[in-house]
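Each chain is listed here by its residues.
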Amino acid sequence: MLNSSLGSSVSRRRFLRWSQAAMAAVGAAPLFGRSAEAAAPASSIAPVDYYEKLNVRKLINARGTFTGLTAAVMPLQVQRAVAEAALHPVHLEELQTNAGAYIAKKLRCEGAMVTCGASAALSLATAACIQSANNCLPMDIPQEIGTAKFPKNEVIVQKSHRYEYDHAMFLCGIKIVEVTTLEDYKRAFTPNTVMTNFFNSTRSGQIDQPQWLEIAHQHNVPCHLDAAADMPPIENLWKYTGMGFDLVAFSGGKGIRGPQNAGLLLGKKSLIDLAAQNNNPHMGVGRGMKVAKEQIVGMVAAVDWILEQTDEGMEHEYLRRANVVLHALKDIPTIQSTFFTEPIANHVPILMLTYDPAVVGIKPEDVLTRLRALNPSIELASGQGNTIGVSTWMLQPGEELIVARELYKVLKSAKA
Ligand SMILES: *Cc1c(COP(=O)(O)O)cnc(C)c1O
(Lines give C-alpha, C1' and ligand atoms only; values in the text may rest on other atoms or scores of the structure.)
Protein backbone atom coordinates (compact mmCIF):
# COMPACT_ATOMS: atom_id res chain seq x y z
CA MET A 1 0.00 0.00 0.00
CA LEU A 2 1.12 3.54 -0.74
CA ASN A 3 0.30 4.74 2.74
CA SER A 4 2.43 2.20 4.58
CA SER A 5 5.51 2.89 2.43
CA LEU A 6 5.15 6.59 3.09
CA GLY A 7 4.90 5.92 6.78
CA SER A 8 7.95 3.62 6.84
CA SER A 9 10.96 4.73 8.80
CA VAL A 10 13.12 4.72 5.68
CA SER A 11 11.08 7.30 3.84
CA ARG A 12 10.58 9.26 7.03
CA ARG A 13 14.32 9.46 7.59
CA ARG A 14 14.78 10.48 3.99
CA PHE A 15 12.20 13.24 4.42
CA LEU A 16 13.91 14.52 7.55
CA ARG A 17 17.26 14.61 5.81
CA TRP A 18 15.65 16.40 2.87
CA SER A 19 13.90 18.94 5.05
CA GLN A 20 17.04 19.67 7.08
CA ALA A 21 18.93 20.25 3.88
CA ALA A 22 16.15 22.44 2.58
CA MET A 23 16.13 24.54 5.74
CA ALA A 24 19.87 25.02 5.57
CA ALA A 25 19.58 26.11 1.98
CA VAL A 26 16.82 28.66 2.33
CA GLY A 27 16.83 29.40 6.02
CA ALA A 28 14.17 28.12 8.38
CA ALA A 29 12.19 31.31 8.62
CA PRO A 30 10.74 31.49 5.12
CA LEU A 31 9.97 27.75 5.10
CA PHE A 32 7.97 27.82 8.31
CA GLY A 33 6.91 31.44 8.30
CA ARG A 34 3.44 32.45 7.24
CA SER A 35 2.83 33.33 3.68
CA ALA A 36 1.32 36.72 2.95
CA GLU A 37 -2.02 35.06 2.21
CA ALA A 38 -2.08 33.02 5.41
CA ALA A 39 -1.27 36.10 7.46
CA ALA A 40 -4.06 38.20 5.97
CA PRO A 41 -7.23 38.33 8.05
CA ALA A 42 -10.22 36.73 6.32
CA SER A 43 -12.06 40.05 6.46
CA SER A 44 -9.44 41.70 4.24
CA ILE A 45 -10.16 39.29 1.37
CA ALA A 46 -12.84 40.85 -0.78
CA PRO A 47 -15.60 38.44 -1.77
CA VAL A 48 -15.60 37.68 -5.49
CA ASP A 49 -18.88 36.99 -7.25
CA TYR A 50 -17.74 34.10 -9.42
CA TYR A 51 -21.17 33.71 -11.00
CA GLU A 52 -20.76 37.23 -12.31
CA LYS A 53 -17.16 36.60 -13.30
CA LEU A 54 -18.26 33.50 -15.19
CA ASN A 55 -21.23 35.23 -16.74
CA VAL A 56 -23.67 32.83 -15.09
CA ARG A 57 -27.15 34.16 -14.29
CA LYS A 58 -28.41 33.62 -10.77
CA LEU A 59 -31.88 32.25 -10.47
CA ILE A 60 -34.84 32.52 -8.16
CA ASN A 61 -36.03 29.00 -7.54
CA ALA A 62 -39.84 28.87 -7.45
CA ARG A 63 -39.74 25.37 -8.91
CA GLY A 64 -38.26 22.96 -6.38
CA THR A 65 -35.20 20.90 -5.48
CA PHE A 66 -34.17 20.02 -9.01
CA THR A 67 -30.61 18.85 -9.55
CA GLY A 68 -30.28 21.01 -12.66
CA LEU A 69 -31.27 24.07 -10.61
CA THR A 70 -28.55 23.20 -8.07
CA ALA A 71 -31.28 21.88 -5.72
CA ALA A 72 -31.42 23.63 -2.33
CA VAL A 73 -29.49 26.57 -0.92
CA MET A 74 -27.88 25.70 2.38
CA PRO A 75 -29.19 27.63 5.41
CA LEU A 76 -26.67 30.14 6.82
CA GLN A 77 -25.66 27.94 9.71
CA VAL A 78 -24.85 25.12 7.28
CA GLN A 79 -22.87 27.49 5.01
CA ARG A 80 -20.95 28.59 8.07
CA ALA A 81 -20.18 24.99 9.08
CA VAL A 82 -18.90 24.26 5.57
CA ALA A 83 -16.64 27.34 5.65
CA GLU A 84 -15.25 26.34 9.06
CA ALA A 85 -14.60 22.79 7.87
CA ALA A 86 -12.63 24.16 4.93
CA LEU A 87 -10.11 25.73 7.31
CA HIS A 88 -8.52 22.48 8.54
CA PRO A 89 -7.47 19.14 7.11
CA VAL A 90 -8.57 16.11 9.14
CA HIS A 91 -8.36 12.33 8.83
CA LEU A 92 -11.18 11.67 6.38
CA GLU A 93 -12.05 8.26 7.75
CA GLU A 94 -12.20 9.51 11.32
CA LEU A 95 -14.50 12.32 10.19
CA GLN A 96 -16.75 9.89 8.28
CA THR A 97 -16.94 7.47 11.20
CA ASN A 98 -17.70 10.09 13.81
CA ALA A 99 -20.15 11.94 11.55
CA GLY A 100 -21.95 8.65 10.88
CA ALA A 101 -22.22 7.84 14.56
CA TYR A 102 -23.51 11.35 15.31
CA ILE A 103 -26.12 11.23 12.54
CA ALA A 104 -27.22 7.70 13.48
CA LYS A 105 -27.92 8.86 17.01
CA LYS A 106 -29.79 11.96 15.86
CA LEU A 107 -31.84 10.04 13.30
CA ARG A 108 -32.51 7.06 15.57
CA CYS A 109 -30.92 4.33 13.49
CA GLU A 110 -28.05 1.90 14.13
CA GLY A 111 -25.70 3.24 11.51
CA ALA A 112 -25.32 6.15 9.11
CA MET A 113 -22.92 7.35 6.48
CA VAL A 114 -22.58 10.59 4.55
CA THR A 115 -22.45 9.87 0.82
CA CYS A 116 -22.16 12.24 -2.11
CA GLY A 117 -25.90 11.95 -2.78
CA ALA A 118 -28.81 9.53 -2.69
CA SER A 119 -27.68 7.93 -5.92
CA ALA A 120 -24.27 7.20 -4.39
CA ALA A 121 -26.03 5.91 -1.27
CA LEU A 122 -27.87 3.40 -3.46
CA SER A 123 -24.60 2.27 -5.09
CA LEU A 124 -22.91 1.86 -1.73
CA ALA A 125 -25.95 0.07 -0.29
CA THR A 126 -25.81 -2.35 -3.22
CA ALA A 127 -22.09 -2.92 -2.73
CA ALA A 128 -22.69 -3.61 0.98
CA CYS A 129 -25.44 -6.15 0.23
CA ILE A 130 -23.28 -7.84 -2.42
CA GLN A 131 -20.43 -8.15 0.06
CA SER A 132 -22.70 -9.43 2.77
CA ALA A 133 -24.19 -12.13 0.51
CA ASN A 134 -21.01 -13.20 -1.28
CA ASN A 135 -18.51 -12.64 1.49
CA CYS A 136 -16.31 -10.90 -1.07
CA LEU A 137 -14.14 -7.79 -0.88
CA PRO A 138 -14.88 -4.31 -2.26
CA MET A 139 -12.25 -4.87 -4.95
CA ASP A 140 -14.25 -7.84 -6.31
CA ILE A 141 -17.12 -5.47 -7.21
CA PRO A 142 -18.26 -5.44 -9.98
CA GLN A 143 -15.99 -7.63 -12.13
CA GLU A 144 -16.15 -10.83 -10.00
CA ILE A 145 -19.86 -10.53 -9.21
CA GLY A 146 -22.08 -13.02 -11.03
CA THR A 147 -19.10 -15.31 -11.77
CA ALA A 148 -18.60 -18.83 -10.40
CA LYS A 149 -16.46 -17.30 -7.65
CA PHE A 150 -19.11 -14.86 -6.37
CA PRO A 151 -22.39 -15.85 -8.05
CA LYS A 152 -24.84 -13.84 -5.92
CA ASN A 153 -25.96 -10.84 -7.95
CA GLU A 154 -29.78 -10.61 -8.00
CA VAL A 155 -31.75 -7.59 -6.77
CA ILE A 156 -35.53 -7.93 -6.57
CA VAL A 157 -37.59 -4.89 -7.62
CA GLN A 158 -41.26 -4.37 -8.41
CA LYS A 159 -41.67 -3.76 -12.12
CA SER A 160 -43.29 -0.38 -11.47
CA HIS A 161 -40.36 0.64 -9.24
CA ARG A 162 -37.83 0.45 -12.09
CA TYR A 163 -36.26 3.90 -12.59
CA GLU A 164 -33.26 5.84 -13.88
CA TYR A 165 -31.44 5.27 -10.60
CA ASP A 166 -31.24 1.52 -11.33
CA HIS A 167 -27.90 2.49 -12.85
CA ALA A 168 -26.62 3.20 -9.38
CA MET A 169 -27.08 -0.53 -8.66
CA PHE A 170 -25.96 -1.82 -12.07
CA LEU A 171 -22.53 -0.32 -11.63
CA CYS A 172 -21.97 -2.89 -8.87
CA GLY A 173 -22.51 -5.75 -11.32
CA ILE A 174 -26.01 -6.81 -10.29
CA LYS A 175 -28.98 -7.82 -12.35
CA ILE A 176 -32.55 -6.93 -11.56
CA VAL A 177 -35.28 -9.51 -11.06
CA GLU A 178 -38.65 -7.86 -11.72
CA VAL A 179 -41.80 -8.90 -9.89
CA THR A 180 -45.41 -7.78 -10.18
CA THR A 181 -47.63 -9.90 -7.94
CA LEU A 182 -47.06 -11.04 -4.39
CA GLU A 183 -46.77 -14.60 -5.71
CA ASP A 184 -44.03 -13.51 -8.16
CA TYR A 185 -42.24 -11.90 -5.28
CA LYS A 186 -42.35 -14.99 -3.08
CA ARG A 187 -40.99 -17.10 -5.93
CA ALA A 188 -38.28 -14.60 -6.88
CA PHE A 189 -35.97 -15.33 -3.96
CA THR A 190 -33.09 -17.63 -4.91
CA PRO A 191 -29.72 -18.40 -3.32
CA ASN A 192 -28.36 -15.61 -5.54
CA THR A 193 -30.59 -12.83 -4.16
CA VAL A 194 -28.53 -10.09 -2.54
CA MET A 195 -31.05 -7.34 -1.80
CA THR A 196 -34.37 -5.73 -2.73
CA ASN A 197 -34.96 -2.12 -3.74
CA PHE A 198 -38.17 -0.21 -2.99
CA PHE A 199 -38.83 3.18 -4.63
CA ASN A 200 -40.67 4.90 -1.83
CA SER A 201 -42.50 7.72 -3.55
CA THR A 202 -44.02 5.70 -6.37
CA ARG A 203 -47.56 4.84 -5.52
CA SER A 204 -47.69 2.04 -8.03
CA GLY A 205 -47.00 -1.62 -7.35
CA GLN A 206 -49.10 -4.38 -5.85
CA ILE A 207 -46.86 -5.11 -2.87
CA ASP A 208 -46.89 -2.72 0.06
CA GLN A 209 -44.01 -2.00 2.41
CA PRO A 210 -44.91 -4.33 5.32
CA GLN A 211 -45.43 -7.29 2.94
CA TRP A 212 -42.26 -6.39 1.07
CA LEU A 213 -40.21 -6.40 4.27
CA GLU A 214 -41.79 -9.48 5.77
CA ILE A 215 -41.08 -11.76 2.86
CA ALA A 216 -37.54 -10.51 2.22
CA HIS A 217 -36.69 -10.91 5.88
CA GLN A 218 -38.03 -14.49 5.88
CA HIS A 219 -35.25 -15.08 3.36
CA ASN A 220 -32.71 -13.00 5.32
CA VAL A 221 -32.42 -10.59 2.40
CA PRO A 222 -31.83 -6.91 3.24
CA CYS A 223 -34.22 -4.28 1.88
CA HIS A 224 -33.10 -0.89 0.60
CA LEU A 225 -35.58 2.00 0.40
CA ASP A 226 -34.99 5.00 -1.85
CA ALA A 227 -36.53 7.93 0.03
CA ALA A 228 -34.29 10.54 -1.64
CA ALA A 229 -36.81 13.38 -1.84
CA ASP A 230 -39.16 12.15 0.89
CA MET A 231 -38.62 14.71 3.64
CA PRO A 232 -40.73 16.56 4.90
CA PRO A 233 -42.25 15.39 7.11
CA ILE A 234 -39.12 15.40 9.25
CA GLU A 235 -40.12 12.16 10.97
CA ASN A 236 -39.53 10.29 7.70
CA LEU A 237 -35.85 10.52 8.57
CA TRP A 238 -36.44 7.76 11.13
CA LYS A 239 -39.79 6.31 10.07
CA TYR A 240 -38.52 3.94 7.38
CA THR A 241 -35.56 2.54 9.29
CA GLY A 242 -38.02 2.16 12.16
CA MET A 243 -40.36 0.13 9.91
CA GLY A 244 -37.57 -2.33 9.30
CA PHE A 245 -35.88 -1.20 6.09
CA ASP A 246 -32.28 -2.33 6.45
CA LEU A 247 -30.92 0.57 4.40
CA VAL A 248 -32.54 3.90 3.52
CA ALA A 249 -31.18 6.60 1.21
CA PHE A 250 -31.93 10.31 1.45
CA SER A 251 -30.64 13.09 -0.71
CA GLY A 252 -28.73 15.63 1.37
CA GLY A 253 -29.20 18.55 -0.98
CA LYS A 254 -32.97 18.44 -1.37
CA GLY A 255 -35.34 19.14 1.53
CA ILE A 256 -32.67 18.57 4.18
CA ARG A 257 -30.77 21.48 2.59
CA GLY A 258 -27.26 20.17 3.02
CA PRO A 259 -24.61 20.49 0.29
CA GLN A 260 -26.01 19.49 -3.09
CA ASN A 261 -23.44 16.74 -3.44
CA ALA A 262 -24.27 15.10 -0.12
CA GLY A 263 -26.64 12.34 0.90
CA LEU A 264 -27.36 9.91 3.68
CA LEU A 265 -27.31 6.16 3.90
CA LEU A 266 -29.05 5.08 7.09
CA GLY A 267 -29.69 1.64 8.51
CA LYS A 268 -28.24 -1.49 10.06
CA LYS A 269 -24.78 -0.93 11.47
CA SER A 270 -23.32 -4.11 9.95
CA LEU A 271 -24.41 -3.07 6.46
CA ILE A 272 -23.35 0.55 6.91
CA ASP A 273 -19.90 -0.71 7.94
CA LEU A 274 -19.68 -2.72 4.71
CA ALA A 275 -20.92 0.24 2.68
CA ALA A 276 -18.18 2.37 4.29
CA GLN A 277 -15.53 -0.12 3.08
CA ASN A 278 -16.66 0.66 -0.46
CA ASN A 279 -16.71 4.40 0.06
CA ASN A 280 -13.78 6.75 -0.44
CA PRO A 281 -11.05 7.14 0.74
CA HIS A 282 -11.06 3.35 0.19
CA MET A 283 -10.78 1.90 -3.25
CA GLY A 284 -13.92 0.45 -4.77
CA VAL A 285 -17.08 1.58 -6.50
CA GLY A 286 -17.35 4.56 -4.16
CA ARG A 287 -13.90 5.93 -4.91
CA GLY A 288 -15.27 8.21 -7.60
CA MET A 289 -18.06 9.40 -5.30
CA LYS A 290 -15.78 11.45 -3.13
CA VAL A 291 -17.24 13.10 -0.07
CA ALA A 292 -15.07 15.99 1.04
CA LYS A 293 -14.76 17.24 4.59
CA GLU A 294 -16.91 20.24 3.67
CA GLN A 295 -19.73 17.97 2.51
CA ILE A 296 -19.53 15.70 5.53
CA VAL A 297 -19.57 18.57 8.00
CA GLY A 298 -22.21 20.37 5.92
CA MET A 299 -24.43 17.30 5.99
CA VAL A 300 -24.09 16.97 9.76
CA ALA A 301 -24.92 20.66 10.16
CA ALA A 302 -27.92 20.24 7.86
CA VAL A 303 -29.18 17.36 10.02
CA ASP A 304 -28.81 19.61 13.06
CA TRP A 305 -30.63 22.38 11.21
CA ILE A 306 -33.55 20.26 10.05
CA LEU A 307 -34.03 18.85 13.55
CA GLU A 308 -34.39 22.41 14.83
CA GLN A 309 -37.29 23.01 12.42
CA THR A 310 -40.90 21.87 12.70
CA ASP A 311 -43.11 20.72 9.84
CA GLU A 312 -45.75 23.24 10.90
CA GLY A 313 -43.25 26.10 11.03
CA MET A 314 -41.86 25.30 7.59
CA GLU A 315 -45.26 24.86 6.01
CA HIS A 316 -46.50 28.08 7.57
CA GLU A 317 -43.60 29.94 5.94
CA TYR A 318 -44.21 28.32 2.51
CA LEU A 319 -47.87 29.34 2.68
CA ARG A 320 -47.02 32.85 3.85
CA ARG A 321 -44.78 33.33 0.79
CA ALA A 322 -47.47 31.89 -1.48
CA ASN A 323 -49.96 34.34 -0.05
CA VAL A 324 -47.63 37.25 -0.83
CA VAL A 325 -47.69 36.14 -4.48
CA LEU A 326 -51.41 35.56 -4.44
CA HIS A 327 -52.14 38.94 -2.89
CA ALA A 328 -50.12 40.74 -5.57
CA LEU A 329 -52.16 39.07 -8.32
CA LYS A 330 -55.62 39.60 -6.87
CA ASP A 331 -56.77 42.03 -9.56
CA ILE A 332 -55.67 39.86 -12.50
CA PRO A 333 -59.00 38.99 -14.18
CA THR A 334 -60.32 35.40 -13.86
CA ILE A 335 -57.46 34.34 -11.56
CA GLN A 336 -58.19 31.48 -9.13
CA SER A 337 -55.88 29.64 -6.77
CA THR A 338 -55.53 26.28 -5.06
CA PHE A 339 -52.70 24.40 -3.42
CA PHE A 340 -51.36 21.11 -4.67
CA THR A 341 -49.21 18.85 -2.50
CA GLU A 342 -47.43 15.72 -3.72
CA PRO A 343 -48.25 12.81 -1.41
CA ILE A 344 -44.72 11.58 -0.65
CA ALA A 345 -41.76 13.11 -2.50
CA ASN A 346 -41.45 16.91 -2.30
CA HIS A 347 -44.38 16.91 0.10
CA VAL A 348 -44.87 20.69 0.22
CA PRO A 349 -47.74 22.93 -0.92
CA ILE A 350 -47.40 24.37 -4.44
CA LEU A 351 -49.50 27.40 -5.30
CA MET A 352 -51.52 26.65 -8.45
CA LEU A 353 -52.77 29.76 -10.25
CA THR A 354 -55.48 29.24 -12.84
CA TYR A 355 -56.75 31.94 -15.21
CA ASP A 356 -58.29 32.34 -18.64
CA PRO A 357 -55.39 33.02 -21.05
CA ALA A 358 -57.82 34.51 -23.60
CA VAL A 359 -58.86 37.17 -21.08
CA VAL A 360 -55.42 37.83 -19.55
CA GLY A 361 -53.68 37.75 -22.92
CA ILE A 362 -50.78 35.37 -22.24
CA LYS A 363 -50.50 31.59 -21.95
CA PRO A 364 -48.93 30.08 -18.82
CA GLU A 365 -46.14 28.49 -20.88
CA ASP A 366 -45.22 31.94 -22.19
CA VAL A 367 -45.24 33.36 -18.67
CA LEU A 368 -42.73 30.66 -17.75
CA THR A 369 -40.50 31.59 -20.68
CA ARG A 370 -40.69 35.32 -19.93
CA LEU A 371 -39.74 34.89 -16.27
CA ARG A 372 -36.94 32.49 -17.13
CA ALA A 373 -35.44 35.11 -19.46
CA LEU A 374 -35.09 37.67 -16.65
CA ASN A 375 -31.89 38.32 -14.79
CA PRO A 376 -32.01 36.92 -12.18
CA SER A 377 -33.94 34.20 -13.92
CA ILE A 378 -37.17 33.06 -12.22
CA GLU A 379 -38.01 29.37 -12.47
CA LEU A 380 -41.65 28.51 -11.85
CA ALA A 381 -42.93 25.05 -10.94
CA SER A 382 -45.09 24.60 -14.02
CA GLY A 383 -47.04 26.38 -16.70
CA GLN A 384 -49.41 24.33 -18.81
CA GLY A 385 -52.92 24.71 -20.10
CA ASN A 386 -54.37 27.49 -17.99
CA THR A 387 -52.31 26.91 -14.83
CA ILE A 388 -49.08 28.26 -13.39
CA GLY A 389 -47.42 26.50 -10.46
CA VAL A 390 -45.35 28.44 -7.93
CA SER A 391 -43.33 26.40 -5.45
CA THR A 392 -42.23 28.59 -2.57
CA TRP A 393 -40.16 26.23 -0.39
CA MET A 394 -36.82 26.89 -2.10
CA LEU A 395 -37.18 30.68 -2.19
CA GLN A 396 -34.63 32.77 -0.30
CA PRO A 397 -35.89 35.40 2.15
CA GLY A 398 -37.64 38.20 0.28
CA GLU A 399 -37.65 36.50 -3.10
CA GLU A 400 -41.40 35.93 -2.88
CA LEU A 401 -41.71 39.70 -3.39
CA ILE A 402 -39.72 39.54 -6.62
CA VAL A 403 -41.72 36.56 -7.91
CA ALA A 404 -44.95 38.39 -7.04
CA ARG A 405 -43.83 41.60 -8.74
CA GLU A 406 -42.57 39.96 -11.93
CA LEU A 407 -45.60 37.67 -12.25
CA TYR A 408 -47.85 40.68 -11.83
CA LYS A 409 -45.94 42.67 -14.46
CA VAL A 410 -46.14 39.89 -17.04
CA LEU A 411 -49.80 39.08 -16.42
CA LYS A 412 -50.93 42.68 -16.11
CA SER A 413 -49.16 44.02 -19.18
CA ALA A 414 -50.04 41.10 -21.48
CA LYS A 415 -53.20 42.61 -22.90
CA ALA A 416 -51.70 46.08 -23.38
C1 LIG B 1 -33.12 13.00 -6.37
C2 LIG B 1 -33.30 11.52 -6.31
C3 LIG B 1 -32.19 10.65 -6.27
C4 LIG B 1 -30.77 11.15 -6.39
O5 LIG B 1 -30.42 11.97 -5.35
P6 LIG B 1 -29.00 12.70 -5.37
O7 LIG B 1 -28.83 13.15 -3.97
O8 LIG B 1 -29.11 13.81 -6.36
O9 LIG B 1 -27.99 11.69 -5.79
C10 LIG B 1 -32.41 9.29 -6.17
N11 LIG B 1 -33.66 8.80 -6.11
C12 LIG B 1 -34.74 9.59 -6.15
C13 LIG B 1 -36.10 8.97 -6.06
C14 LIG B 1 -34.60 10.97 -6.24
O15 LIG B 1 -35.67 11.77 -6.26
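As recorded in an unreviewed UniProt entry, the protein chain goes by the name Aromatic amino acid beta-eliminating lyase/threonine aldolase, listed as coming from Terriglobus saanensis. The protein chain has a UniProt comment under Cofactor (unreviewed entry) that states "pyridoxal 5'-phosphate".

Novice: I would appreciate a short explanation of the sheet that holds strand E13 (residues 387-391) in the present structure.
Specialist: To summarise the sheet geometry, strands pair through backbone hydrogen bonds and adopt either a parallel or an antiparallel arrangement. Read across the sheet, four strands follow the order E9-E10-E13-E12 without closing on themselves; strand pairing throughout is antiparallel. The open sheet is flanked by strand E9 (336-341) and strand E12 (382-384), the only strands paired with a single partner. Here the average twist between neighbouring strands, direction ignored, is 20°. Relative to E13, strand E10 (residues 349-354) runs antiparallel, the two being bridged by five bridges. Along E13, the bridge assignment pairs Leu351 with Val390. Where helix H15 (residues 311-328) meets the sheet, it contacts E9 and E10, and its direction lies at approximately 20° from that of E10.

Novice: Where do I start with the side chain of Glu406 in this structure?
Specialist: Counting through the fold element by element, Glu406 comes out in helix H18 (residues 399-413). Judged by its relative accessible area of 10%, Glu406 is buried. In contact with Glu406, not counting residues within four places along its chain, are Leu371, Leu374 and Ile378.

Novice: Help me out: how do you make sense of the site of the ligand in this one?
Specialist: The environment of the ligand is made up of Gly117, Ala118, Ser119, Tyr165, Phe199, Asp226, Ala228, Ala229, Ser251 and Lys254. A distance of 2.9 Å is found between an oxygen atom of the ligand and a backbone nitrogen or oxygen belonging to Ser119. Contact distances for the ligand include 2.7 Å between a nitrogen atom and a side-chain N or O atom of Asp226. For the ligand, the accessible surface in isolation is 380 Å², of which the surrounding protein chains cover 83%. Grouping the constituent residues of the shell around the ligand by class yields five nonpolar, three polar and two charged.

Novice: Would you mind showing me how to read unusual backbone geometry here?
Specialist: What you tend to see is this: most non-glycine residues have negative phi, and most peptide bonds are trans. Between Met231 and Pro232 the backbone carries a cis peptide bond, its omega angle lying at 10°. Position of Pro232 among the secondary structure elements: in the loop between strand E6 (223-226) and helix H12 (236-243). Residue Pro233 is bonded to the preceding Pro232 through a cis peptide linkage, with omega at -5°. If you trace the backbone, Pro233 turns up in the loop between E6 and H12. At Arg108, a position not held by glycine, the phi torsion is positive, near 60°. Mapping Arg108 onto the fold places it in the loop between helix H7 (92-106) and strand E2 (111-115). For Arg108, a relative accessible area of 57% puts it in the exposed group. In this structure, Asn135 is a non-glycine residue whose phi angle is positive, near 55°.

Novice: Help me understand the UniProt feature "domain: Aminotransferase class V" (unreviewed entry) in the protein chain in this model?
Specialist: In the numbering used here, UniProt assigns the "domain: Aminotransferase class V" (unreviewed entry) feature to residues 181-275. When the span residues 181-275 is considered, its composition is 34% helix and 22% strand, and the gap between its end C-alpha atoms is 30 Å.

Novice: How do you make sense of the sheet that holds strand E8 (residues 263-267) when you look at a structure like this?
Specialist: Spatially, E2-E8-E7-E6-E5-E3-E4 is the arrangement adopted by the seven strands of the open sheet, whose pairing is mixed. Each edge of the open sheet is held by one strand with a lone partner, namely E2 and strand E4 (175-179). Across the sheet, the mean angle separating the axes of adjacent strands is 25° when strand polarity is ignored. Looking at chain direction, strand E5 (residues 193-199) and E6 are connected through four bridges and run parallel. Looking at E6, one finds that Phe199 is bridged to Asp226. Contacts from H12 reach E6, strand E7 (247-251) and E8, with the element oriented near 160° to E7.

Novice: Whenever I open this one, the environment of His167 confuses me. Can you help?
Specialist: On the secondary structure map, His167 appears in helix H9 (residues 166-170). The exposure class of His167 is exposed, given its relative accessible area of 59%. In the structure, His167 is positioned 70 residues away from Thr97 in sequence and 27 Å away in space, judged by C-alpha atoms.

Novice: Hey, could you run me through the environment of Arg203 in this one?
Specialist: Looking at the secondary structure, you find Arg203 in the loop between E5 and helix H11 (209-218). Residue class for Arg203 comes out exposed when judged on its relative accessible area of 64%. C-alpha of Arg203 to C-alpha of Ser160: the two residues are 43 residues apart in sequence and 9.0 Å apart in space.

Novice: Whenever I open this one, H18 confuses me. Can you help?
Specialist: Here H18 contains 15 residues, and its C-alpha end-to-end distance of 21 Å stays within 8% of the 21 Å for a straight helix at 1.5 Å per residue. Listing the buried residues of H18 in full gives Glu399, Glu400, Val403, Ala404, Glu406, Leu407, Val410 and Leu411.

Novice: Mind showing me how you'd approach the domain arrangement of the protein chain here?
Specialist: Reports often express the size of an interface as the amount of accessible area lost when the parts come together. By domain assignment, the protein chain separates into domain 1 (89-307) and domain 2 (311-412). Domain 1 and domain 2 are separated by 35 Å when their C-alpha centres are compared. Each partner contributes residues to the interface: domain 1 has 14 residues there, and domain 2 has 12 residues. Counting the surface lost from both domain 1 and domain 2, the interface buries some 1,000 Å², and carbon and sulfur atoms represent 67% of this. Broken down residue by residue, the surface that domain 1 buries against domain 2 is led by Arg203, Ala229 and Pro232, which jointly contribute 41%. The interface formed by domain 1 and domain 2 includes zero salt bridges.

About the cut-offs
- Residues numbered from 1 in each chain as written.
- Predicted model: local features only at pLDDT ≥ 70, side-chain atom pairs only at ≥ 80, totals over all residues.
- Heavy atoms only, no water.
- UniProt positions renumbered as here; feature names shortened; annotations may be inferred.
- Pairing = 2+ DSSP bridges.
- Helix = DSSP H or I, 4+ residues; strand = E, 2+ residues; numbered from the N terminus.
- Axes fitted to C-alpha atoms, helices over the stretch in contact; angles between N-to-C directions.
- Contact = heavy atoms within 4.5 Å.
- Buried < 20%, exposed > 50% of the residue type's maximum accessible area, 1.4 Å probe, protein only.
- Near = heavy atom within 4 Å.
- Polar contact = N/O pair within 3.5 Å; in protein donor to acceptor, adjacent residues only side chain to side chain.
- Areas by Shrake-Rupley, 256 points an atom, 1.4 Å probe, with all protein chains shown as cover.
- Nonpolar A, V, L, I, M, F, W, Y, C, P; charged D, E, K, R; others polar.
- Expected span 1.5 Å × (residues − 1).
- Domains from an automatic or database assignment.
- Buried area = accessible area lost by both parts, 1.4 Å probe.
- Salt bridge = Lys/Arg side-chain N within 4 Å of Asp/Glu carboxyl O.

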